[in-house]
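# Fold and geometry: a report
Next come the chains, spelled out residue by residue.
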Amino acid sequence: MKKIILVFTAVILVLSLCGCSKQEDNSGIAERPYHEPTGATMEVDFSHAWKAEEIAMPDGFQPNCFYPTENAVIMSVYNINPQDDDVTNSGVVYDIASGEMKLLESHGVPIGATETDEGFQILWNVSRYDETENTYLNTGSLVTYDKNFQEISSEDKSGLFEKGYPNFWYQTEDGKQLICDSGQLYLYSADNTKIGQITGNLSGITRVFEGNGGQLYAFANWGDALIGEINLDEMKVTLLHPDGEPENPLSYAPAKDYDFYVTDSYHGLYGLKNGNAELLIDWVNSDVDSYGDIFPLSDGSFLKIDLESTQTRTFSTLLHLTERTQEEIDNMKIISLAALTQRMELTSILRKFNRQSDSCRIVLKDYEDKLSHSEGTWDNVINEFFNELISGTIPDILCLDGLDYMALSNKNMFEDWYPYMKNDPDFHEEEYLMNFFDAISYQGRHERFGLQSTVMTNAVKSQYLPEGAVTVQELAEVVDNMPEGMTVGGGADFPDRILTSLLDYEDYIDFDNHTCRFNSPDFIKLLEIANSQPKSGLSADPKAWVNDKALLKSTSFYGNDILDLEYFFFKDTDYSFVGIPNSEKVGNGGIFSAWSGFFLTMSADSLYKDEIWKFFKFCLSEEVQEKACYGMPIRLEAIQKYYEPYTNADYLSSGSWGDNYGNRSLPPATPEMIDRIIDYAKGISRVQFDNPKIIDIVEEETEMYFSGDQTAEKCAEMIQNRVSLYLSEQN
């Protein structure tokens, strides 16, 4: 398929515009000079694009693995939320010719299938843990079905299972049986007599398949994905290093027109033949995730299991992939999105949006191919990306990861999306943390768009400070009068970490006037407070806050953080949230984190702004918000569901949490605790500062102060001079 290039009329960034009509004011937003959009100019590649259509599964079940035969694909499936006597594991049959699916009566977990003259045979395994023997015991049964998958007979096959984890069964044409068990490969005769273990230099084997020409291959993915050639006569498997295969292969699958298929986690699925790898399916352009089984069907299409993870569980979807026609592509509005990397949560949302959009699709261009994670490379690629943008290579949507947003915004590159929201009758502001969007606005304009965040604040025993925002001087008074032996933070904190948890950059920078006050008494005092934290010699004592050995506990409300505060660090003690100190006590002192999520912007030159707003709105939909896994959702109902697992005693009892302060099992959260989080989030009016240039300046100079190479006053003076110069350059 040919490469599709978006090239519109060449655009020159206009840094100073006048004599133009004004933008309509919809909410008191800051006005900027208006110019007619001329279209994005960034080239995007939409080749190797396949259509991904979801296949409905039986109610409650999700696909896990494929066990294909010539005319049907058997899948192991699991119930995502079994109730009482519901079946937890079973198998389904997907008929290749008709596309129909049937849920089979469960005999455990299917681990292999083959076709017979009568119909089909499936080997099932039931695994149970024997506490007496401290091992897993497995019971196998080979069930024979007719061509309509009605059961005919069953044969005990438990003798095939010697180890604790049998997970794949393969039958050769002459009836011999291969069993993958606990990463090892065994061969049995047709009458279940053990012939022996197949040895060699490939371990961790999880699957066997027949390649083009009848050669048997073993696939191992316990760690790096590897493939080996099986020789049954010699009872050996030999590790292969196929010429031409992509770096970091993820999985292998049988192929008719190639030696076999191979996938990687970044690009897609390749056909490997005679030492050459041909890219066939681009993951991102085809709206599929790289992880999960894939299997070719006889008509040239594929079945694919698509995986999606939240903070507490993994979901899977069955997809049917068919190659897009050129006519389909020509009739689409192609919207470009540029990002430094293929950020997982971003590509997941793109996949969902594109699958349900008929008239347009968003195509991602990233710079990940240019990244090797050696020192300095990230900065080089970020600079290259930034320079392309300011020189006129403009996408419709920009992901701001790693970029200097303010420098770009000051060049009038971005559209204010707020009017699109206000004019959308289907958008209901009361359903969201609208203060989050106000917090990330700049100069009165809503250019940045985000869909999740975390809350940054500090907790303290209420006897020292009441709930609410504090100034640096109020905090300093408490610090100066701390009981003997008390430190500002806990034993896992160092001065630089204390400063990070206390520094509200925006309190020291006036972006409207391009000035700063890092040489102020407040900032100098903040440096001294942070530097009072011992640099060594403290143990990570979880009772330090209760026992008045530590004052502040930084928290982000991520995951089980609220349980830690309530039941671990401040157990049976009243505590307050005091936020990050600022001179005007803005809001409640809390700050929305800029690092837990990503920010997107809409190009002022895009011709598809209405479509981009639909994508932004989709990001705030129930479907997306309720599966947020990298931070707190912005939709209020979704926040309740985000914390729901932490109110479930069964979920919490299934594991424990641990860090420098030790492992702990925690009771569930109460509704009052969740309400406290939401109420606190509603009172936040600042976002964590994310200007990389200024952050670098502060970190460089404070490192010299904390190491004793300069005074607090000198450190503040150096930061003031360097940041002032940067701000004047931006102006």
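Computed from a predicted structure; not experimentally measured. (Residues numbered from 1 in each chain as written. Predicted model: local features only at pLDDT ≥ 70, side-chain atom pairs only at ≥ 80, totals over all residues. Heavy atoms only, no water.)

As a further point, take the pattern of salt bridges. Going through the model one piece at a time under the given rule, you end up with 33 salt bridges. A salt bridge links Arg343 to Asp401; the nearest nitrogen and oxygen atoms lie 2.7 Å apart. Of the two residues, Arg343 sits in the loop between strand 25 (333-339) and helix 2 (344-356) while Asp401 sits in the loop between strand 27 (397-399) and helix 4 (405-409), which places them 58 residues apart along the sequence. Overall, Arg343 belongs to the buried group, its relative accessible area being 15%. Measuring nitrogen to oxygen at the nearest pair gives 3.5 Å for the salt bridge that ties Arg635 to Glu431. (Salt bridge = Lys/Arg side-chain N within 4 Å of Asp/Glu carboxyl O. Helix = DSSP H or I, 4+ residues; strand = E, 2+ residues; numbered from the N terminus. Buried < 20%, exposed > 50% of the residue type's maximum accessible area, 1.4 Å probe, protein only.)

Moving on: the confidence of the model for the protein chain. Looking at the protein chain as a whole, its pLDDT mean stands at 88, while 92% of the residues score no less than 70. Mean pLDDT across the elements of the protein chain bottoms out in strand 38 (residues 657-659) (66) and peaks in strand 34 (residues 575-577) (97). Counting interchain partners and residues more than four positions distant, the pLDDT-below-50 stretch residues 1-29 has 73 contacts. (pLDDT = per-residue confidence, 0-100. Contact = heavy atoms within 4.5 Å.)

Ordered by their spatial adjacency, four strands build an open sheet running 1-24-23-22, and the pairing between neighbours is antiparallel. Each of the sheet's edge strands pairs with one partner strand only, and the pair in question is strand 1 (50-55) and strand 22 (294-296). Across the sheet, the mean angle separating the axes of adjacent strands is 30 degrees when strand polarity is ignored. The sheet contact formed by strand 23 (residues 302-309) and strand 24 (residues 314-323) spans eight bridges and is antiparallel. Paired with Glu308 across the two strands is Phe315, which belongs to strand 24. Lying on the sheet, helix 2 is in contact with strand 1, strand 23 and strand 24; it crosses strand 23 at an angle near 130 degrees. (Pairing = 2+ DSSP bridges. Axes fitted to C-alpha atoms, helices over the stretch in contact; angles between N-to-C directions.)

Moving on: the packing of aromatic side chains. For any pair of aromatic rings, geometry is given as the distance between the ring centres together with the angle between the planes. Inspection of the entire model under this criterion finds 41 aromatic pairs. Their ring planes at 70 degrees and their centres at 5.7 Å tell us that Tyr405 and Tyr442 sit as a pair that is edge-to-face. With Tyr405 in helix 4 and Tyr442 in the loop between helix 6 (434-439) and strand 29 (452-453), this pair connects stretches of sequence that are 37 residues apart. Of the residues examined, Tyr442 reaches a relative accessible area of 5% and is grouped as buried. Aromatic side chains Phe437 and Phe449 sit 5.8 Å apart centroid to centroid with 20 degrees between the ring planes, which places their arrangement in the stacked category. Here the residue Phe437 occupies a position in helix 6, and Phe449 occupies one in the loop between helix 6 and strand 29, the gap between them amounting to twelve residues. For the residue pair Phe437 and Phe449, the accessibility class agrees, reading buried in each case. Sitting above the plane of the Phe315 ring, Lys627 keeps its charged end 4.4 Å from the centroid. Against the face of Tyr575 rests Arg676, its NZ or CZ located 4.6 Å from the ring centre. (Phe/Tyr/Trp six-rings, centres within 6.5 Å; stacked < 30°, edge-to-face > 60°. Lys NZ or Arg CZ within 6 Å of the ring centre and 35° of its normal.)

Strand pairs in the sheet, formed through backbone hydrogen bonds, run parallel or antiparallel to each other. If you trace the four strands from one edge of the open sheet to the other, you get 6-7-8-9, paired in antiparallel fashion. In this open sheet, the two edge strands, each paired with only one partner strand, are strand 6 (109-115) and strand 9 (151-156). Mean inter-strand twist for the sheet, computed between neighbouring axes without regard to direction, equals 25 degrees. Of the strand pairs in this sheet, strand 8 (residues 135-146) and strand 9 are connected by five bridges, and their pairing is antiparallel. Bridge pairing in strand 9 places Thr144 opposite Ser153.

Now for the packing of helix 2 against helix 11 (residues 609-619). Geometrically, a packed helix pair is captured by the angle between its two axes and the distance between the axes. Direction vectors running N to C along helix 2 and helix 11 enclose 120 degrees, while the axes themselves pass 11 Å from each other. Looking at the two axes, helix 2 sits oblique to helix 11. For helix 2 against helix 11, the interelement crossing comes out right-handed. Between helix 2 and helix 11, the residues in contact are Ile349, Leu350, Lys352, Phe353 and Gln356 and Glu611, Lys614, Phe615, Phe618 and Cys619, respectively. Its residues assigned to classes, the contact of helix 2 with helix 11 shows six nonpolar, one polar and three charged. (Parallel < 35°, antiparallel > 145°, perpendicular 65-115°, else oblique. Left-handed = near helix turned anticlockwise from the far one by under 90°. Nonpolar A, V, L, I, M, F, W, Y, C, P; charged D, E, K, R; others polar.)

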